[in-house]
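# Reading the structure
The residues making up each chain are set out below.
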Amino acid sequence: MASYVFAQRPATAEYDRSLAWAAFLLVAMGLVMVYSASIATAESSRFTGNNSAYFLIRQGIFLAMALFAATLTFMVPVRLWQKGAPWCFLACGVLLVLVLIPGLGREVNGARRWLNLIVFNLQPSELMKLAAVLYAADYTVRKHAVMKSFKKGLLPMLGVMLGVSWLLLREPDFGALVVVAVTTFGILFLGGMNGRHFVALVGMLTVGFAALVLSSPYRMQRIFGFMDPWSDAYGKGYQLSHALIAFGRGEWFGVGLGASVEKLHYLPEAHTDFLLAVIAEELGFVGVAAVMGLFVWLVFRAFAIGRQAALQERHFAALCSQGIGIWIGFQTLINMGVNVGLLPTKGLTLPLMSFGGSGLVVNCVALAILLRIDWESRQLAKGLPA
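The structure reproduced in this document is the subject of the present report. Being a predicted model, the structure only gives us computed values, none of them experimental. (Residues numbered from 1 in each chain as written. Predicted model: local features only at pLDDT ≥ 70, side-chain atom pairs only at ≥ 80, totals over all residues. Heavy atoms only, no water.)

### Topic: the pattern of salt bridges
The line we're drawing: A pairing counts as a salt bridge when a side-chain nitrogen of Lys or Arg comes within 4 Å of a carboxyl oxygen of Asp or Glu. In DSSP terms, a helix is any run of H or I states spanning at least four residues, a strand is any run of E spanning at least two, and both are numbered starting from the N terminus. Residue exposure (1.4 Å probe, protein chains only): buried if accessible area is under 20% of the type maximum, exposed if over 50%, otherwise partly exposed.
Following the criterion strictly, the structure yields 10 salt bridges and no others. For glutamate 376, the salt bridge goes to arginine 314, with nearest N and O atoms at 2.8 Å. In this pair, glutamate 376 is assigned in helix α13 (residues 357-381) and arginine 314 in the loop between α11 (275-311) and α12 (315-339), connecting sequence segments 62 residues apart. Given a relative accessible area of 6%, glutamate 376 falls into the buried group. A single salt-bridge network, built from bridges that share partners, covers Arg314, Arg372 and Glu376.

Quick look at the structure:
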């Protein structure tokens, strides 16, 4: 009933203002919290020139780039994204290959995930998340007549995703692999995949992920550290134990903006993977609840926009909207789960908020596509050309 009400509401605005405001508040809050979480790290590092505002300045530049890219993206008709989806996916696949080539890919902490473009580092796995959404939506629309068939519908996409998975594991970027896989097959399921094939696929993926964990001592350590971080609080449980301490110190209303103790070289990756822990310490349960509420609304609107597009028989736009909702919602869920100790550490950032140029730009571009889909739906509802 709720989806019907949202789908049939009069198109009084040119775009979804509530979605835009939710995204704006998340980005603005993220900018403030990145600065707060990174001050101590920036001041004590020769790499940053001991400049306390180093990460704030870079995140501000990334945000300007993201808004510029989002503005250009909003002006591109959705039909062009559908036509270009295979080429975007292919280009991102090439980038995943290039990042593995010594001399081109930049290695940090044993992971080769970045391409050094002199001015900034590009992370191809972030681009692949969006490319996978576009390609899966286009594939599902093109193959709709045979989506119930394993051989003609599921198998080709499964082969392609196995190739992408192999490239992501070579970096390695297990977190990105999980997000891409869940998003892709979520779109296929919404697009009409055979239910039995979907259940079998979920079983295969579960077994595959378990095998990947068991075959890697590094991943095994992360699992054991997640299950009981206090058993080795100075070793494999170090990050999680300090994240939990941050949540405990924050209580209901936090210790105050800028007053976090855990960010003072106790909590690693405070401005990236564990930004939520700093939010919890400084702004308390209220701050975390506000962040969660904004993300819930963002995902809800993505599915509502997809529903509207589906009623207008714009199937690519519908699947693309819902895919963006799955992607952002699932990655947010993983990041929050890691921060509170419900999931093992995955190395996934909090969308729109954590420090990082590639992720911020791609997230904003994805939301611009979502706003464009909504704008076209409103134009069609008025009887105007999209």
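### Some points on the side chain of lysine 263
To keep it simple, the criterion reads: Here a polar contact is recorded for every N or O atom pair within 3.5 Å, except that within protein the pair must consist of a potential hydrogen donor and a potential acceptor, and residues adjacent in sequence are included only if both atoms are side-chain atoms. Residues are treated as being in contact if the distance between any of their heavy atoms lies within 4.5 Å.
Inspection of the secondary structure assignment puts lysine 263 in the loop between α10 (238-250) and α11. What makes lysine 263 buried here is its relative accessible area of 6%. Within polar-contact distance, the side chain of lysine 263 engages the backbone oxygen of serine 36 at 2.8 Å. Here glutamate 282 takes part through its side chain, which lies 3.0 Å from a polar atom of the side chain of lysine 263. Other than its neighbours up to four places away in sequence, lysine 263 contacts Ser36, Ala37, Ala40, Gly258, Ala270, Val278 and Glu282.

### A look at empty space enclosed by the protein
Leftover empty space is mapped by rolling, across the atoms, a probe with the size of a water molecule. What counts, and what does not: Here the term cavity refers to a set of points on a 1 Å grid, laid over the protein atoms alone, in which a 1.4 Å probe fits but cannot get out; the term pocket refers to an open set having protein on both sides within 12 Å along at least five of seven lines, with lining residues being those that place an atom within 4 Å of a point. Grid points are joined across faces, edges and corners, and a volume is the space filled by probe spheres set on the points.
One pass over the structure, following the stated rule, counts 2 cavities of 30 Å³ or more. In this structure, the largest cavity encloses a volume near 40 Å³. Forming the walls of the largest cavity are Asp273, Ile334, Asn335, Val338, Thr345, Lys346, Gly347 and Leu348. Considering only enclosed or pocket space, the second largest cavity measures out at about 30 Å³ in volume. As for the second largest cavity, its lining consists of Val27, Gly30, Leu31, Gln59, Leu63, Leu352 and Leu360. Within the residue set of the lining of the second largest cavity, elements represented by two or more residues are α2 (17-43) and α3 (54-74).

### Section: the packing of helix α7 (residues 174-190) against α12
What counts is decided by this rule: Lines fitted to the C-alpha atoms define the axes, with helices restricted to the stretch that makes contact. Angles between their N-to-C directions range from 0 to 180 degrees. Helix crossings fall into two classes, left-handed where the near helix is turned counterclockwise from the far one by less than a right angle and right-handed where it is turned clockwise. In the scheme used here, Gly and all other residues not listed as nonpolar or charged are polar, with Ala, Val, Leu, Ile, Met, Phe, Trp, Tyr, Cys and Pro taken as nonpolar and Asp, Glu, Lys and Arg as charged.
The contact between α7 and α12 brings their axes to 9 Å, and the two run at 145 degrees. Of the two elements, α7 crosses α12, and the hand of that crossing is right-handed. Counting all contacts with α7, which are made through Val178, Val179, Val182, Thr183, Gly186, Ile187 and Leu190, the residues of α12 involved are Leu319, Gln322, Gly323, Ile326, Trp327, Phe330, Gln331 and Ile334. Taken together, the residues that form the contact of α7 with α12 break down as 10 nonpolar, 5 polar and no charged.

Purely geometric stuff here, so don't read any function into it on its own.
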